[in-house]
Amino acid sequence: MLAFFAVPIPPDKRRSFLARQLATMALSHVQVDTPMANVRAAAWANSLARMGVHLPLFVVHDIGVMLSMTRGTGGYTLRGREAQLARISLPAATRPQLEQYRKLLENIAVSEVTERLAGLRLRDEMIAVLLSRILGDTYNRWRDRSKTAGVEVLPLDLGILSDVDYADHFRDFDPRSLWGFVEHLVTQSMHIYTQVELIDLDTVRLLGLFKEDSASGSEALGGAIDLVDLFAALGSPEANDVANFSLDLLPSVLETRRTTGSQTFAVDGYASIERKGNIDSLVLSELAYDREIFEQKVVDSELLYYGREKQREEERRLQYLLIDCSASMRGQRQVFARGLALALIKKLTLEGDEIWVRFFDSRLHETIKIGRSGQVPVPYLLSFRSERGRNYSKVFRQLLVETTRIRREQKRRVVMYVITHGQCHVEPELISALKQQAFLYGIIVLPSSDHLPEFVPLLDRQQIVGAEALTSRAERQRQALNIIDDATRSTPRKPAPTQTVSNDPHQSRKMGAMTPKQPGESLRMPAPPKSEP
């Protein structure tokens, strides 16, 4: 005889939206051992609700678990909740419909797409978007006026969502709307299965490659995930092509490792008198002031401290990546440009630089700032689409003003990458002025003629990607990797702050003699010592 646990939902909430959703779990055909499955299902349902999809919890739970866990030991099992169903008055036509629903789940379970997705250990936001891709059309075709009645956010509380007697809650509601949904679900079974097979695994894999190693949950792709961008990226053929190209490049890029330079600096003695320091470095004569004067000098930061020789700080460098998103960049140009941009971002991130990414057409769009932690908004970069025209002069004038301000206020070196096409015409005078503020690296993709824009010779470095470079997958990959290697090698980088000090005074003098005194001065070997007469 089965013993049911006490219902954790308070009596005043038995008619709530939460209780109604938990009641539908009596129809679930996917069972797992972990009690967290209901919590994750509630999180998926909340994300779906943000996208305007309000489905019964049992179908969200069943297909979501199949996308996130493997079948068998340690995963899920596919069987109905017979003990719960026995306590529910099922209509005569519903029992065979539930059997057809179980067959749909069987087909999804044996799909190669589902098996590979389960192995990727996707986060909740990704599962929710995949569920929206799979079940969104089915929901929109469900003609039930009450399907959005009383919708509210489900609590993510294990104490509420675990050990629930689903059949007991089922009796509190009119199930006719639910039976209608089961019938509709069965009629849409082939469409649902087709949507599962249409999931582009390369796009999902690409999103996984940009996870931050130390992040989890929604932090894995840079904080708050934009579900609209993620939904668009997973449903766009252009985004899928960009993802496929990026995956060709990233294995070579991921070989990059962060490098650090060691420093040597004095730890004994003092080098200066400063206004900031530790209390143990305070100039003793400062203690001779009266208490009121001393306290005022503390507040005004006017005390004097002995300053030690400090570790040198590497000059901050900003990598500024500009991607042309005008209509002329669509097709092969867009695939190459965005795939190259994603790989270049990953390369520069692994080298520890701060990166700004920005689309432009007739204006500059939102600035995406990527810190050294490597949080990249991949869905945004894959799915961004502009419907504006072109006004390159306006764009580069804005860039000149912004770059000048960065150089003046933040004292930062700017390396600017511009990915565009052969019809990007900008006044040479404007490029010359911008060149005074930043190192300019231009990448011209598929120019429409042999005549390049007049500003190209003024760039510090340029790469021309012709049609012959995109004739084959191998040639396209080779060209992109060459650009990435050249870009990271050619852009100005301050040498690693490494200093070696020898204990041998004679050796130290020899090393000093070999060091150039002025920039550009060649190294001179010291003359051999004269022999003693």
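Residues numbered from 1 in each chain as written. Predicted model: local features only at pLDDT ≥ 70, side-chain atom pairs only at ≥ 80, totals over all residues. Heavy atoms only, no water.

Caption draft 1: Focus on the confidence of the model for the chain. Counting all residues, the mean pLDDT for the chain is 82, and 82% of those residues have values of 70 or more. Segment residues 1-7: pLDDT under 50, and ten contacts once partners within four positions in sequence are set aside and those in other chains are kept. For residues 495-533, every residue scores under 50 in pLDDT, and the model assigns this stretch 25 contacts once sequence neighbours within four places are set aside. (pLDDT = per-residue confidence, 0-100. Contact = heavy atoms within 4.5 Å.)

Caption draft 2: Region of interest: the pattern of salt bridges. Applying the stated criterion across every chain, the model contains 22 salt bridges. For Arg14, the salt bridge goes to Asp168, with nearest N and O atoms at 3.0 Å. Of this pair, Arg14 sits in the segment before helix H1 (17-24) while Asp168 is found in helix H9 (residues 166-170), placing the two residues 154 residues apart along the sequence. Classification of Arg14 by relative accessible area gives partly exposed; the value is 21%. (Salt bridge = Lys/Arg side-chain N within 4 Å of Asp/Glu carboxyl O. Helix = DSSP H or I, 4+ residues; strand = E, 2+ residues; numbered from the N terminus. Buried < 20%, exposed > 50% of the residue type's maximum accessible area, 1.4 Å probe, protein only.)

Caption draft 3: Fine view of the packing of helix H3 (residues 57-68) against helix H7 (residues 124-140). Axis separation between H3 and H7 bottoms out at 10 Å; the angle between their running directions is 120°. By the angle between their directions, the pair H3 and H7 is classed as oblique. Of the two possible hands of crossing, H3 and H7 adopt the one that is right-handed. Taking contact as the criterion, the partners of Val59, Val60, Ile63, Gly64, Leu67 and Ser68 in H3 are, on H7, Ile127, Leu130, Leu131, Ile134 and Leu135. Taken together, the residues that form the contact of H3 with H7 break down as nine nonpolar, two polar and no charged. (Axes fitted to C-alpha atoms, helices over the stretch in contact; angles between N-to-C directions. Parallel < 35°, antiparallel > 145°, perpendicular 65-115°, else oblique. Left-handed = near helix turned anticlockwise from the far one by under 90°. Nonpolar A, V, L, I, M, F, W, Y, C, P; charged D, E, K, R; others polar.)

Caption draft 4: The arrangement of empty space enclosed by the protein in detail. What the rule picks out here adds up to three cavities of 30 Å³ or more. Of the voids in this model, the largest cavity is the one considered here, and its volume is about 70 Å³. Surrounding the largest cavity, Phe17, Gln21, Ala45, Asn46, Ala49, Val53, His54, Leu55, Val151, Glu152 and Leu154 form its lining. The dominant element in the lining of the largest cavity, judged by the number of residues it contributes, is helix H2 (residues 36-50), at three residues. Of the residues assigned to the lining of the largest cavity, the class counts are seven nonpolar, three polar and one charged. If you trace the second largest cavity, you find it lined by Phe396, Val418, Thr420, Ile431, Leu434, Leu440, Gly442, Ile444, Phe455 and Leu459. Of all elements in the fold, only strand S8 (413-420), helix H19 (428-435) and strand S9 (439-445) reach the threshold of two or more residues within the lining of the second largest cavity. Among the elements that make up the lining of the second largest cavity, the one with the highest residue count is S9 (three residues). For the lining of the second largest cavity, a count of residues per class yields eight nonpolar, two polar and no charged. (1 Å grid on protein atoms, 1.4 Å probe; cavity = no way out; pocket = protein on both sides within 12 Å on 5 of 7 lines; lining within 4 Å. Points joined across faces, edges and corners; volume = space filled by probe spheres on them.)

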